[in-house]
Amino acid sequence: MTTLDLRPLGNTGLKLSSVGFGASPLGNVFGPVSDHDAIASVREALRLGINFFDTSPYYGGTLSEKVLGKALKALGVPRNEYIVSTKCGRYAEGFDFSAERVTKSFDESLERLQLDYVDILQCHDIEFGSLDQIVNETIPALQKLKEAGKIRFIGITGLPLGVFTYVLDRVPPGTVDVILSYCHYSINDSTLEDLLPYLKSKGVGVISASPLAMGLLTESGPPEWHPASPELKAACQAAAAHCEEKGRNISKLAMQYSLSNKDISSILAGMNSVKQVEENVAAANDLATFGKDEKTVSEIEEILKPVKNQTWLSGIQQI
């Protein structure tokens, strides 16, 4: 069995599995998941070499954290063998990036996760808050948690790429250790690539989530609430149909496309079943063994050319 790549995360000293376990689906955000299935999928992830698990109090109104915590506890894996990141500032009831709220919410997260510390705490979807508050109040509050040994590293997440440079240009070097970007490194949108040299110069690690563009790059297509334009949805549907005709799976190709950039430490994909875990790891192992299917990928890129890098405004989605 091929083991997953472990990739360094900026200057943190952490090494993340190239495939990361996005735990939002454990919060029942894409349909109900039993405790049995949740524990089985986390067990399989660890068995196949995934060591990075990402959650947030926002996912499923705290349910994702509780279920992930329960699964990790049930499996009894030594704490130093896995990396957990959670978030603060975004909750089922709305956004609050105040120092008081993020400090309190993090203690609540630790309790739900049944952990003494988390490896990475990230300010969640910062474009919905005041970026100056993030710089002057939220991140200093996270630094206090770091000094107290409750978190090891500090991160920020968001959809518009401009929020990262805004914050990183205004905090002392080394304050923010990692950024989590989503939907900007997949076949239809690779704009994150332009930011990688800048992030590297700042010593910041990069995690990219949603390689399937929140369901656009799947055979079944995106959920109804997906904020992409009708043109982008139609082009992705055409690309998926083209892959199917060729006996290929667009989701697997999209996952491999994202995984092939080694400057990105981990590709986070939402998982809630053993089958999904196995498919994501198989995509990575096949890529390592056989390389990318360049021909089909370039055919998909041709189909998506008219809508390449077309993004959407951050909306409050139903996660």
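Predicted model, so just to flag it, every value in this text is computed and none were measured.

Novice: What is the right way to look at the nonpolar core in this model?
Specialist: Soluble globular proteins tend to bury their nonpolar side chains together. The biggest cluster of nonpolar side chains holds 105 residues, and the ones touching the most others in it are Phe21 and Ile50. With seven residues, the top contributor of residues to this core is helix α4 (residues 131-147). Not counting residues within four places of it along the chain, the set of residues in contact with isoleucine 50 comprises Leu4, Ser17, Val19, Gly20, Phe21, Ala45, Met271, Val277 and Val281.

Novice: Is there a simple way to think about the packing of aromatic side chains in this case?
Specialist: The geometry of an aromatic ring pair comes down to the distance between the two centres and the angle between the two planes. Per the stated rule, a full pass over the model turns up five aromatic pairs. With a centroid separation of 5.2 Å and an interplanar angle of 40 degrees, the aromatic rings of phenylalanine 21 and phenylalanine 53 are classed as tilted. A residue pair is termed long-range when its members are at least 10 positions apart, and phenylalanine 21 in strand β3 (residues 19-22) and phenylalanine 53 in strand β4 (residues 52-54) qualify at 32 residues. Here phenylalanine 21 falls in the buried class, since its relative accessible area comes to 0%. Residue class for phenylalanine 53 comes out buried when judged on its relative accessible area of 0%. Ring geometry for phenylalanine 95 and phenylalanine 97: centres 6.3 Å apart, planes at 25 degrees, overall stacked. By relative accessible area, which is 3% here, phenylalanine 97 ends up buried. Here a set of aromatic residues connected by ring pairs shows up, and it is made of Phe95, Phe97 and Phe128. Cation over ring: arginine 79 sits above tyrosine 117, and NZ or CZ is 4.1 Å from the ring centre. In this structure, arginine 101 packs its charged tip against the face of tyrosine 91, placed 4.1 Å from the ring centre.

Novice: Honestly, helix α8 (residues 250-259) in this entry has me stumped. Any pointers?
Specialist: With nine of its ten residues buried, α8 lies for the most part within the structure. Of the positions making up α8, those classed as buried are Ile250, Ser251, Leu253, Ala254, Met255, Gln256, Tyr257, Ser258 and Leu259. Buried positions along α8 lie against β1 (6-8), β3, α7 (230-245), β12 (266-270), α9 (274-290) and α10 (294-304). Sitting at the amino-terminal end of α8 is asparagine 249, which places a side-chain oxygen 2.7 Å from the backbone nitrogen of serine 251.

Novice: For this particular structure, what's the right way to read helix α2 (residues 63-75)?
Specialist: Structurally, the α-helix is built with 3.6 residues per turn, so residues lying three or four positions apart point the same way. End to end, α2 covers 18 Å across 13 residues, agreeing with the expected 18 Å (1.5 Å per residue, within 8%). Along α2, the positions that sit buried rather than exposed are Ser64, Glu65, Val67, Leu68, Gly69, Ala71 and Leu72. Looking at the buried side of α2, the elements it contacts are α1 (35-47), β4, β5 (83-88) and α3 (99-113). Two residues or fewer after α2 comes glycine 76, characterised by a positive phi angle close to 60 degrees.

Novice: Help me understand the UniProt feature "domain: NADP-dependent oxidoreductase" (unreviewed entry) in the protein, please; the structure alone is not making it clear to me.
Specialist: Those residues carrying the UniProt feature "domain: NADP-dependent oxidoreductase" (unreviewed entry) are residues 19-303 in this numbering. What you have in residues 19-303 is 45% helix and 16% strand, and the ends, taken at the C-alpha atoms, are 27 Å apart.

Reading the values: rules and limits
- Residues numbered from 1 in each chain as written.
- Predicted model: local features only at pLDDT ≥ 70, side-chain atom pairs only at ≥ 80, totals over all residues.
- Heavy atoms only, no water.
- Core = buried A, V, L, I, M, F, W, Y, C linked by side-chain atoms within 4.5 Å.
- Buried < 20%, exposed > 50% of the residue type's maximum accessible area, 1.4 Å probe, protein only.
- Helix = DSSP H or I, 4+ residues; strand = E, 2+ residues; numbered from the N terminus.
- Contact = heavy atoms within 4.5 Å.
- Phe/Tyr/Trp six-rings, centres within 6.5 Å; stacked < 30°, edge-to-face > 60°.
- Lys NZ or Arg CZ within 6 Å of the ring centre and 35° of its normal.
- Polar contact = N/O pair within 3.5 Å; in protein donor to acceptor, adjacent residues only side chain to side chain.
- Expected span 1.5 Å × (residues − 1).
- UniProt positions renumbered as here; feature names shortened; annotations may be inferred.

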